[in-house]
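Spelled out from the first residue to the last, the chains are:
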Amino acid sequence: MRRAGLLLVGLLAFCSPAPAQNAADKAPVKGIGAAKEGDLVTVKGQEFRLFGIDAPDKGQTCVNVRGQEYDCFALATRILELLINNMNIECTPRGESPAAGPTLAICRAENGDDLAYAMVERGMALAYRPLSFDYVSIEARAISFRRGLWGGRVEPPWLWRSRQTEQKLDEMRKPKKAGAP
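Calculation notes
Residues numbered from 1 in each chain as written. Predicted model: local features only at pLDDT ≥ 70, side-chain atom pairs only at ≥ 80, totals over all residues. Heavy atoms only, no water. Helix = DSSP H or I, 4+ residues; strand = E, 2+ residues; numbered from the N terminus. Buried < 20%, exposed > 50% of the residue type's maximum accessible area, 1.4 Å probe, protein only. Areas by Shrake-Rupley, 256 points an atom, 1.4 Å probe, with all protein chains shown as cover. pLDDT = per-residue confidence, 0-100. Contact = heavy atoms within 4.5 Å. Salt bridge = Lys/Arg side-chain N within 4 Å of Asp/Glu carboxyl O. Polar contact = N/O pair within 3.5 Å; in protein donor to acceptor, adjacent residues only side chain to side chain. Pairing = 2+ DSSP bridges. Axes fitted to C-alpha atoms, helices over the stretch in contact; angles between N-to-C directions. Disulfide = S-S within 2.5 Å.

Re the overall build of the chain
Per the secondary structure count, the chain includes six helices and nine strands. Split into buried and exposed, the 181 residues of the chain put 34% on the buried side. Accessible area for the chain stands at about 11,600 Å²; split by element, carbon and sulfur atoms hold 57% of it.

Listed below in structure tokens is the structure:
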């Protein structure tokens, strides 16, 4: 009987949902915002990744309508900076954030603008479908009007990161030349 009781307690512990996150962890954070990347803001020293979008990464380039390469990471970051414009920002955590890294959040400027929506609307970020379909229709409109990055060619940031990782792995796989350290 004792074993059955222990088994039942263990089973209940295994089947019970994980403890809920502290309510304070999900509370909105308000304060003057700053752009660190095209999809990353800081408020009161905390970093928040804009939920549902992906913007070009550092080192990523795009091609404009004239066929010239440009730093689309810097441009996307600058546009987010202009949208924030030293306003108060409220970031509300959303979804499961990665163990390491910024908290995923919906961030709104004091004028009510959803920063992720504004970035996708201007063609400065892409809807990140593996996480959310919230911004897909606004992305389609940005594409149809050839706004921002869509005025030329842009590689989706998740594909660019994957390609960068593959290139690094290829470099590591190359045999070293004799006599090289």
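Considerations on the confidence of the model for the chain
This prediction gives the chain a mean pLDDT of 85; 82% of its residues lie at or above 70. Of the regions scoring below 50 in pLDDT, residues 1–24 engages in one contact with residues more than four places distant in sequence or in other chains.

So, the pattern of salt bridges
As enumerated under the stated definition, the model contains eleven salt bridges in all. With a shortest N-O distance of 2.7 Å, R49 and D39 are connected by a salt bridge. Linking R49 in strand β3 (residues 46–50) with D39 in the loop between β1 (29–37) and β2 (40–43), this pair joins segments that are ten residues apart in sequence. A salt bridge links E121 to R122; its shortest N-O distance comes to 3.4 Å. By relative accessible area, which is 35% here, R122 ends up partly exposed. Via salt bridges that share partners, E37, D39 and R49 belong to a single interconnected network.

Description of the environment of D54
Residue placement: D54 occurs in strand β4 (residues 53–54). Separated by 72 residues in the primary sequence, D54 and L126 have C-alpha atoms spaced 5.3 Å apart. The contacts of D54, once residues within four sequence positions are left out, are D39, A125, L126, Y128, P157, W158 and R161. A polar contact is formed between the side chain of D54 and the side chain of R161, at a distance of 2.7 Å.

Here we look at the sheet that holds β1
With respect to topology, five strands assemble into a closed barrel ordered β1-β2-β3-β8-β7, the strand pairing being mixed. For this sheet, the mean inter-axis angle between neighbouring strands, taken without regard to orientation, is 55 degrees. Bridge count for strand β7 (residues 88–93) against strand β8 (residues 103–109) is five bridges, and the pairing is antiparallel. For I89, the partnering residue across the bridge sits in β8 and is A109. Lying over the sheet, helix α3 (residues 72–84) contacts β1, β2, β3 and β7, oriented at roughly 155 degrees with respect to β1.

Quick look at the side chain of E139
The topology assignment puts E139 in helix α5 (residues 136–144). Those residues within four positions of E139 in sequence are excluded, and the remaining contacts are V120, L126, A127, R129 and W150.

Digging into the state of the cysteines
Throughout the structure, instances matching the rule amount to two disulfides. Note that C62 is cross-linked by a disulfide to C72, the S-S spacing being 2.2 Å. When the S-S torsion is 75 degrees, as for the bridge of C62 with C72, the disulfide is right-handed. One end of the pair, C62, is in strand β5 (residues 61–63); the other, C72, is in helix α3, and ten residues separate them in sequence. Linked covalently through their sulfurs, C91 and C107 form a disulfide whose S-S length is 2.1 Å.

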